[in-house]
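Examining the three-dimensional arrangement
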There are 2 protein chains.
Amino acid sequence: MLSKSAKYALKGVLYLAMNTNEQKRVMAKDISGPINVPPSYIAKLLQQLGRHGVVSSIKGPHGGFFLTEENKKTPLIKIIDLLDGEYRLKSCMLSLKDCNELNPCPLHRLVGNVKSDFIRSLEQTTIAELVQDIKDGKSFLPL
Amino acid sequence: MLSKSAKYALKGVLYLAMNTNEQKRVMAKDISGPINVPPSYIAKLLQQLGRHGVVSSIKGPHGGFFLTEENKKTPLIKIIDLLDGEYRLKSCMLSLKDCNELNPCPLHRLVGNVKSDFIRSLEQTTIAELVQDIKDGKSFLPL
DNA sequence: CATATAAAAGATAAAAATGTCTTTTAATAT
DNA sequence: ATATTAAAAGACATTTTTATCTTTTATATG
Ligand code: FES
Ligand code: FES
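Here the structure is a predicted model, which is why all the values come from computation and not from measurement.

**Some words on the packing of aromatic side chains**
If you walk through the whole model with that rule in mind, you get 2 aromatic pairs over all chains. Residues Tyr8(A) and Tyr41(A) carry aromatic rings whose centres are separated by 5.5 Å and whose planes lie at 90° to one another, so their mutual orientation is edge-to-face. Here the residue Tyr8(A) occupies a position in helix H1 (residues 4-19), and Tyr41(A) occupies one in helix H3 (residues 39-51), the gap between them amounting to 33 residues. With a relative accessible area of 36%, Tyr41(A) lands in the partly exposed category. Over the ring of Phe66(B) we find Arg25(B), and its NZ or CZ is 5.5 Å from the ring centre.

**Comments concerning the protein's contact with DNA strand C**
Taken together, 25 residues sit near DNA strand C, with Met27(A), Lys44(A), Gln47(A), Ser57(A) and Pro38(B) positioned nearest. Counted by atom, the contact set of DNA strand C within 4 Å of the protein is 67% sugar and phosphate. One of the side-chain N or O atoms of Ser5(B) is found 3.3 Å from a phosphate oxygen in DNA strand C. Those elements that place two or more of their residues in the surface near DNA strand C are H3, strand E1 (56-58) and strand E2 (64-66) of chain A together with helix H1 (4-19) and helix H3 (39-51) of chain B.

**Here we look at the relation of the copies chain A and chain B**
The two copies are related by a screw motion: chain A maps onto chain B through a turn of 180° and a shift of 0.0 Å along the axis, at an RMSD of 0.0 Å. On this basis, the relationship between the two copies can be described by a two-fold rotation axis. Among all C-alpha atoms of chain A, that of Met1(A) lies closest to the rotation axis, at 2.2 Å. The residues that chain A uses at the interface reappear at the interface of chain B in 100% of cases, marking a shared surface.

**Some thoughts on the protein's contact with DNA strand D**
Taken together, 24 residues lie around DNA strand D, and Pro38(A), Pro61(A), Lys44(B), Gln47(B) and Ser57(B) are the ones closest in. Within 4 Å of the protein, the atoms of DNA strand D are drawn from sugar and phosphate moieties in a proportion of 66%. The side chain of Gln47(B) places a nitrogen or oxygen atom 3.2 Å from a base nitrogen of DNA strand D. Here a sugar or linking oxygen of DNA strand D and a backbone polar atom of Gly60(B) are 3.2 Å apart. Looking at the surface near DNA strand D, the elements that each hand over two or more residues are H1 and H3 of chain A together with H3, strand E1 (56-58) and strand E2 (64-66) of chain B.

Rules and cut-offs
- Residues numbered from 1 in each chain as written.
- Chains lettered and ligands numbered in written order.
- Predicted model: local features only at pLDDT ≥ 70, side-chain atom pairs only at ≥ 80, totals over all residues.
- Heavy atoms only, no water.
- Phe/Tyr/Trp six-rings, centres within 6.5 Å; stacked < 30°, edge-to-face > 60°.
- Helix = DSSP H or I, 4+ residues; strand = E, 2+ residues; numbered from the N terminus.
- Buried < 20%, exposed > 50% of the residue type's maximum accessible area, 1.4 Å probe, protein only.
- Lys NZ or Arg CZ within 6 Å of the ring centre and 35° of its normal.
- Near = heavy atom within 4 Å.
- Polar contact = N/O pair within 3.5 Å; in protein donor to acceptor, adjacent residues only side chain to side chain.
- Least-squares fit on C-alpha atoms with pLDDT ≥ 70 in both.
- Contact = heavy atoms within 4.5 Å.

Here you go:
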């Protein structure tokens, strides 16, 4: 469904959202354990997210990765699209080129609506909202 | 979403459903073109599906692959699970081990229902039903 | 300024998915 | 029976994804 990279990235960003801010940062190697992702792998992913303004970071002593309030407004789809490309989630289930509502493939009717609801959710939901759910006890994060 | 193998397999099976029966068979190399999948690749996939009773085949002159009426009753999920494993589609979006309705991860609320509707569709829909849609002009198959 | 720290960037390695090719087995037709 | 046909099976090659390791750059501190 999602690539490992996308899952790892989401876990990493959620961890940062829960545990950091402009002042309190955390190093890649210290995120690795809690979210159960290899240290150098999560480092790479966070760097990539940093380049696109999804996470913030500062080098050197007491540096590390963190999320600003602005960062937390990122919609989930941005993280997924960055790592998996738009194609993976949004393309036709059978990978047919010229398919749309007017020219639907056999699976379209079956899963088309479901899929677009799913994507709309990812577009409309931000990191901040997921964090709120966790704080409200609506969801849990045993990463 | 689905692996290439799963997409190829679905296209191959749909092609067989539309173009073959016990008497009229088609060789792997002749499916390749119409569904736009490498000949040796679709051959492998159909062999694998054959082992699990999803397609039928006969060796030798005038042999080839085909679908019986029985074969056409196969639910779509069987083809997908065979090639991708159940895990890919059905596991938690963040790949968390011990997660369920009572212990939902942050994405669960967001996509959980959508995802299970999707899976239920795949479980309840058979090849035969997709073929009927095509014959009724409800969907199209420019593979 | 010198040193230590930690991210950024780049190179390399391992594993999995995709794709191709060759040999073997089973069925048909001559 | 023998030759031909086509799937079955297995070996092999390529590409992509995942994972690790090394070097460079930026920042803070003494
Ligand atoms: S046309 Fe294939 S999923 Fe929409
Ligand atoms: S608990 Fe993660 S998707 Fe259900």
